[in-house]
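Each chain, letter by letter, is given below.
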Amino acid sequence: MPLHPVILAGGSGTRMWPLSREAHPKQFLRLMGEYSLLQDTIRRLDGMQDIATPLVVCNEEHRFLVAEHLRQLDKEALAIALEPVGRNTAPALTLAALMLLDEDAEFASGDPVMLVLPADHVVRNTTRFQKLVEDGTAEARKGNIVTFGILPDSPKTGYGYIRKGDQHLPKNGVESFEVAEFTEKPSESVAKQMVESEAYLWNSGMFLMRASVWMGEIRRRRPDIEGACIQAHSKLRRDGEFYRPDATHFAQCPSESIDYAVMEHMGKGTTADEGAKCLVLPMDIGWTDLGAWSSLWEERARDNGGNIIEGDVYAKSMSDSLVISQRRLVAAVGLKDVIIIETPDAVLATHKEHVQEVKELVEQLKLEERPEQENHLEINRPWGSFETVDAGDRFQVKRLTISPGEALSLQMHHHRAEHWVVVKGTAKVTRGDEVFLLTENQSTYVPVGVEHRLENPGTLPLEVVEVQTGSYLEEDDIVRFEDRYDRHIRDNT
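Residues numbered from 1 in each chain as written. Predicted model: local features only at pLDDT ≥ 70, side-chain atom pairs only at ≥ 80, totals over all residues. Heavy atoms only, no water.

Digging into the overall build of the chain
In terms of helices and strands, the chain carries 13 helices and 30 strands. For 493 residues, the compact-globule estimate of 2.2 N^0.38 gives 23 Å, and the C-alpha radius of gyration of the chain, at 25 Å, lies within 12% of that figure. Counting only C-alpha atoms, the chain reaches 75 × 65 × 40 Å along its principal axes. Residue pairs at least 24 apart in sequence account for 69% of intrachain contacts in the chain once pairs closer than 6 positions are excluded. Accessible surface for the chain amounts to roughly 22,100 Å². Of this, 46% is attributable to carbon and sulfur atoms. Put simply, the chain has 55 plus and 80 minus side-chain charges, and the middle of one group is 2 Å from the middle of the other. (Helix = DSSP H or I, 4+ residues; strand = E, 2+ residues; numbered from the N terminus. Rg over C-alpha atoms; globule rule 2.2 N^0.38 Å. Contact = heavy atoms within 4.5 Å. Areas by Shrake-Rupley, 256 points an atom, 1.4 Å probe, with all protein chains shown as cover. Lys, Arg positive; Asp, Glu negative; His and termini not counted. Charge placed at Lys NZ, Arg CZ, Asp CG, Glu CD.)

Below, the structure is given as structure tokens:
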């Protein structure tokens, strides 16, 4: 029976705002090179023997991002499970386990061992990672829960810790320990004592366990989570490449992490009545959880002054800092230990010691319903993306980029008209009963109330400037008649 990766891609990444937004969180960002963190997580499995394609659990709002990032790798998922609302990692893993155990599912495979991976980690030594996963899989097949502990190199306060118990001596000689205790993020003084004792490892958040073992533990520790997930899974339906649990029952599920729901209660179980035995394998794999901007500064290559500079940046007399500019010139003089992140609609400036407080800032932006918390100016859609260039009283200007072979829905608007100018590529336009092509520098006009569609029949991206005019210009003024992504059935995205 193959090993089944379960990739948890539902995080919000608030501490890495403003690059990470609610609609485009950090797991979809290319922070470490040409691949996104999600793509790196998937690629980390390449070359492993007897391993299934991954089951990805993500927020419903990110479904097309996940599908597109898989497509860019020319890979498929076993399934993409959609959370109607975010409920943290314990319900996400429970839903994945139920899907893998479902005898009626086309991808069911008995009681597989799940390799649980967060989608936002960095692993430098992939070969070593794969070897330790293979070693741990043997223990997980016996009914144990296996977690991976990272050998600490400093007293980090942003990580959870695992206290090692008695050494576990399996026949294959793999070094592992029974877990004595899971500890949440400690204070700096406590973290220093933990590291100096050499009895603790960082909690990586990666696990190996049989699907049935997880269900047994969640039933024992949190039957409320189990019950809500079972109800949601009972009405699971397929929607193309996506799988949707019942939204009402899933929304009733408590929001809890794997650690809080199960792991911190386990300790050292040794009998069936006490639950599964939990083992920890020490890992030295060049691991980082990119949980804050300071983590990225530590992980990336720096110049002679200890700086990471990206984009249009002028820096003078600056040291040990991270400055990223996406669009505008950023000038920084005489600074040390700072983080400056510029995006087209927001700028973050903070000292490295205060990066954890960015989460609180984002929570305040959300309370105030600021759009900068949710979206970038460039917003992804399954057909491509659009960016608002300018807006004012009764007008809005957008730049649309439509991927080759893709199309917007057949739609109409009650309150606005649209003017389209083709900047690059060839557009196929449906306007009422007319269907015609527009090439570069050509334009057309769509009156209020007329059905219309914009398509890219070519092999290169199509770029169109859209000028909207009218009394109401919000995105919810869309009536869809046909849509290849079925959005006319469910939503207005």
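Still to come is the rest of the account.
Section: a nonpolar patch on the surface
A cluster of nonpolar side chains, Tyr314, Leu329 and Val333, forms an exposed patch at the surface whose accessible area comes to about 320 Å². Overall, the relative accessible area of 57% leaves leucine 329 in the exposed class. (Patch = residues over 30% accessible without salt bridge, like charges linked within 9 Å, V, L, I, M, F, W, Y side chains within 5 Å. Salt bridge = Lys/Arg side-chain N within 4 Å of Asp/Glu carboxyl O. Buried < 20%, exposed > 50% of the residue type's maximum accessible area, 1.4 Å probe, protein only.)

Some points on the packing of aromatic side chains
Tallied over the full model, the rule gives five aromatic pairs. When the centroid spacing of 4.9 Å and the interplanar angle of 70° are considered together, the rings of tyrosine 159 and tryptophan 202 count as edge-to-face. With a gap of 43 residues between them, tyrosine 159 in the loop between strand S6 (145-150) and strand S7 (161-168) and tryptophan 202 in strand S9 (residues 200-210) connect regions that are remote in the sequence. An aromatic cluster of three or more residues is present, and its members are Phe64, Phe242 and Tyr485. Just above the ring of phenylalanine 177 sits the side chain of lysine 164; from NZ or CZ to the centre is 4.8 Å. (Phe/Tyr/Trp six-rings, centres within 6.5 Å; stacked < 30°, edge-to-face > 60°. Lys NZ or Arg CZ within 6 Å of the ring centre and 35° of its normal.)

Examining the sheet that holds strand S29 (residues 462-470)
One open sheet accounts for six strands, arranged S20-S21-S22-S29-S24-S27; its pairing is antiparallel. Looking at which strands have only one partner, the edges of the open sheet turn out to be strand S20 (378-381) and strand S27 (443-446). Strand-to-strand twist of the sheet, defined as the mean angle between neighbouring strand axes without regard to direction, takes the value 25°. Both S20 and strand S21 (residues 384-392) contribute to a ladder of four bridges, which runs antiparallel. Bridge assignment links glutamate 378 to a residue of S21, and that residue is glutamate 387. (Pairing = 2+ DSSP bridges. Axes fitted to C-alpha atoms, helices over the stretch in contact; angles between N-to-C directions.)

Thoughts on the sheet that holds strand S19 (residues 346-351)
In a beta sheet, neighbouring strands pair by backbone hydrogen bonds and run either parallel or antiparallel. Reading across the sheet, the four strands line up as S14-S16-S18-S19 and stay open at both edges, with mixed pairing between neighbours. Of all strands in the sheet, those with a lone pairing partner are strand S14 (308-310) and S19, marking the two edges. Sheet twist, expressed as the mean angle between neighbouring strand axes with direction ignored, is 5°. Pairing of strand S18 (residues 338-343) with S19 involves six bridges; the strand directions are antiparallel. Bridge pairing in S19 links glutamate 342 to valine 347.

Focus: the packing of helix H3 (residues 89-101) against helix H7 (residues 223-234)
Between two packed helices, both the angle of their axes relative to each other and the distance between the axes serve to describe the pair. Orientation of H3 relative to H7, taken along the N-to-C sense of each, is 50°, at an axis distance of 9 Å. When the axes of H3 and H7 are compared, the pair comes out oblique. The chirality of how H3 crosses H7 is right-handed. In this structure, H3 contributes Ala90, Pro91, Thr94, Leu95, Leu98 and Met99 to the contact, and H7 contributes Ile225, Cys229, Ile230 and His233. (Parallel < 35°, antiparallel > 145°, perpendicular 65-115°, else oblique. Left-handed = near helix turned anticlockwise from the far one by under 90°.)

Some points on unusual backbone geometry
With omega at 10°, the peptide bond leading from tryptophan 17 into proline 18 counts as cis. The topology assignment puts proline 18 in the loop between strand S1 (4-8) and helix H1 (37-43). For aspartate 74, which is not glycine, the phi torsion reads 60° and is therefore positive. Of note, aspartate 74 is situated in the loop between helix H2 (63-72) and strand S3 (79-83). Among the residues examined, aspartate 74 registers a relative accessible area of 72% and is labelled exposed. One non-glycine residue, asparagine 441, adopts positive backbone phi at about 75°. Structurally, the position occupied by asparagine 441 is in the loop between strand S26 (434-438) and S27. Its relative accessible area of 71% is what places asparagine 441 among the exposed residues.

A look at the nonpolar core
Among the nonpolar cores identified, the biggest contains 47 residues, and Met114, Trp214 and Met263 are the most heavily contacted of them. Apart from the residues within four sequence positions on either side, methionine 114 is in contact with Leu3, His4, Val6, Leu93, Ala97, Leu100, Phe207, Leu208, Met209, Arg210, Ala211 and Trp214. (Core = buried A, V, L, I, M, F, W, Y, C linked by side-chain atoms within 4.5 Å.)

Side note on the packing of helix H6 (residues 211-221) against helix H9 (residues 258-266)
The contact between H6 and H9 brings their axes to 10 Å, and the two run at 90°. Between H6 and H9, the crossing angle belongs to the class labelled roughly perpendicular. Where H6 approaches H9, its residues Trp214, Glu217, Ile218 and Arg221 are matched on the opposing element by Ile258, Ala261, Val262, Met263, His265 and Met266. Across the contact of H6 with H9, the residue classes tally to seven nonpolar, one polar and two charged. (Nonpolar A, V, L, I, M, F, W, Y, C, P; charged D, E, K, R; others polar.)

Re the confidence of the model for the chain
For the chain, per-residue confidence averages 93 on the pLDDT scale, and 96% of positions sit at 70 or higher. A low-confidence stretch, residues 268-273 stays under pLDDT 50, and its non-local contacts, those more than four residues away or across chains, total eleven contacts. (pLDDT = per-residue confidence, 0-100.)

Some words on the side chain of arginine 222
Position of arginine 222 relative to the elements: it lies in the loop between H6 and H7. A distance of 2.8 Å separates the side chain of arginine 222 from the side chain of glutamate 256, its partner in a polar contact. With residues up to four places along the chain from it excluded, the contact list for arginine 222 reads Glu217, Pro254, Glu256 and Ala261. (Polar contact = N/O pair within 3.5 Å; in protein donor to acceptor, adjacent residues only side chain to side chain.)

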